[in-house]
Structures are given as structure tokens and as C-alpha cells.
Amino acid sequence: MLRIGYYQFRPQFGQIQENLKQVLNALKDVSADLIVLPELAFTGYYFKDREETRTLAEDPQDSSTIESLVALCRDKDFYLITGFAEKQQDKVFNSSLLIGPEGVIHTYRKLHLFSEEKNWFDPGDIPLQVWEVREANVGMMVCFDWIFPEVTRTLTVEGADIICHPSNLVLDYCQQTMLSRCLENGVFAVTANRYGADKRPHGELRFTGKSQIVAPKGELLHRSKSQKQEVFITEIDPILARDKHITPLNQIISDRRPEFYAPLSQV
Ligand code: ACM
């Protein structure tokens, strides 16, 4: 059994220290195995341009924000998955980091950039991969990746039991769709969304909250309110994601007919 959950909160744009303080404070008394934070949890989302994104992004290997999160994982003996603006030389990625007591374990870089993110970030360049966290296999995707069913399917075929999904959702479709993503792949998903708004001189973006955890049969285990802070933790059995039968005679992974899906692998 695994205690998994998320922290839904409202990062303030550009206030990395303040946002970090809020996360450290919210999680200081939480007992869990794995906690998911929203996309771009420390910088905020609505950048003016690529230059501003680069100014706020950090290299995780040289980041006091990450050092504090690793120390928190060590202190609390849990794992974190967090959205993070990742700087690497002349590139900047909208990333999700798996962090544990031992440090940064894996980096996923958002493959499908949403709207103006195409002006701010480089597209992801690391294959979708699954990592073991305690007794569970965990895959990561970031926000708008949800609209590409290939992402959850690839993570499932790679062996994911739980898909962790840091998000800054602005459209209304995702939360309900994730019930289907979980059913069609037989996996758990933790969508950790932010709420509130980024009010900037160039405009304002509002985020939809409603973070949630979904079980492999598409069952909604919990959904937060739209505009409210919440730490939510629940106990799940990740083994439930290993049985892919939908009837005794239908198994959703081995029943696939990939020989008929060839157009999917053409660019
Ligand atoms: C999104 O991908 N942040 C909408």
C-alpha cells in the first residue's frame, strides 16, 4: 500500500522563495510516500517572454530550491514530484522532477507545449520513462500532455502503475477526460493543478484547480474544489494497476492490435 497525494495551491508569479516557503510549510506535518505538486510550482506560469523564463528558471543541479526539497524528502522520508522551470545551458524546459531523500532521481521535460509556452520553452527531449518509488512504478507527464492519449499509453506500456501529472490547467476538459485515460490504461493518475491567477502587465491567466486522484477503473477517488488550497493524501494499492482485464476475456494491453495502428507511428 502506498500513501499518495498532492498539494493544490496558488503560486505567486516570480516569487520563488515565497512559493517554496509555502510548500515547505504545507508539507511539514504530512505523512506520505509520494506527493505531487503543480506544474511550474515555484516560478508561476504566465511568462512575458523567453528571456523572463530563462531569468526565473534554474538548473536543478545548482538550485537552492531543489536542495530545500531534497532536505524535506529526507526529513519526511517521502518522494516529491514537482513541476519546475529547468535551465540547461541555452535551453529552458517545462519539466517535472522526481525528487527523493537521495536527490533528484529523474527529470521529465514536457513534450507537448501549450499555446504561448512554445515561445517560452524548448520542447522535451527525453523519452517517457517509468521509475520505481517504493513498491510502485511511477510515470510523469505535464499538464497539456493529457490531450495526447499516446503519452498515458506509452507510460502504461512502459509499466506505470501511477501517472503523476503536475498541471496549470486553464481549459475545462482535462479532469473529466483523465477518468477515461485511467480506465483505458488501467492506471492511477494524480493530477496536481494550481488555482488562482497570474496577473501580469501583458494579461491575466486563471487556473482551474480541481486537482484529483483517479483509480484504474476510472473511479474518481477525490477532487479538490476549484479555488481552494488543499493537501490531500490517500492510501492506494498500486498492484490494482497490474491487472489489465476489463472482462475475464479482455485485457486492454495484450488485446491491442498494433499491426493495425501503423499510421500512429508515422510523422
Ligand atoms: C498547460 O499545459 N499548462 C495548459
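Quick note: structure is the one above.
Keep in mind that this is a model prediction, so the values were computed, not measured.

Asker: I'd like to hear about the side chain of Thr 53, residue by residue, with values.
Answerer: With respect to the helices and strands, the residue Thr 53 is situated in helix α2 (residues 50–56). The class for Thr 53 is buried, based on a relative accessible area of 0%. Setting aside its immediate chain neighbours within four residues, Thr 53 contacts Phe 47, Val 92, Trp 120 and Phe 121.

Asker: Quick one: what's the story with the pairing of strand β9 (residues 188–192), residue by residue and with numbers?
Answerer: Burial analysis of β9 places five of its five residues in the buried class, which makes it a mostly covered element. Side-chain alternation along β9 places Phe 188, Val 190 and Ala 192 on one buried face and Ala 189 and Thr 191 on a second face that is also buried. As paired elements, strand β8 (residues 162–166) and β9 share five bridges and run parallel to each other. The partner of His 165 across the bridge, within β9, is Thr 191. Considered for its hand, the β-α-β crossover made up of β8, helix α6 (residues 174–185) and β9 is right-handed.

Asker: Explain the nonpolar core residue by residue, including any values.
Answerer: One finds Ile 4, Ile 81, Val 138 and Ile 162 to be the most contacted residues of the largest nonpolar core, which totals 41 residues. Not counting the four nearest positions on each side in its chain, Ile 81 is found in contact with Leu 34, Ile 35, Val 36, Leu 37, Ser 96, Leu 97, Leu 98, Val 138, Met 140, Cys 164 and Pro 166. Judged by nonpolar contacts, the second largest core, of 37 residues, contains Phe 9, Ile 16, Leu 27 and Ala 32.

Asker: Could you give an account of the packing of aromatic side chains, with specific residues and numbers?
Answerer: The tally for this structure, following the rule as stated, stands at 10 aromatic pairs. Ring centres of Tyr 45 and Phe 207 lie 5.6 Å apart, and the angle between their planes is 75 degrees; this geometry places the pair in the edge-to-face category. Of this pair, Tyr 45 sits in the loop between β2 (34–36) and α2 while Phe 207 is found in the loop between β11 (203–206) and β12 (212–214), placing the two residues 162 residues apart along the sequence. Both residues of the pair, Tyr 45 and Phe 207, count as buried.

Asker: Residues and numbers for helix α5 (residues 149–157), please.
Answerer: Listing the buried residues of α5 in full gives Val 151, Thr 152, Leu 155 and Thr 156. The arc that holds every buried residue of α5, seen down its axis, measures 130 degrees, which confines them to one face. Residues of α5 that are buried in the fold lie against β6 (130–133), β7 (136–140), β8 and α6. Within two residues after α5, Gly 159 carries a phi angle of roughly 110 degrees, on the positive side.

Reading the values: rules and limits
Residues numbered from 1 in each chain as written. Predicted model: local features only at pLDDT ≥ 70, side-chain atom pairs only at ≥ 80, totals over all residues. Heavy atoms only, no water. Helix = DSSP H or I, 4+ residues; strand = E, 2+ residues; numbered from the N terminus. Buried < 20%, exposed > 50% of the residue type's maximum accessible area, 1.4 Å probe, protein only. Contact = heavy atoms within 4.5 Å. Pairing = 2+ DSSP bridges. Right-handed = clockwise from strand over helix to strand, strands pointing away. Core = buried A, V, L, I, M, F, W, Y, C linked by side-chain atoms within 4.5 Å. Phe/Tyr/Trp six-rings, centres within 6.5 Å; stacked < 30°, edge-to-face > 60°. Arc of directions from axis to C-beta.

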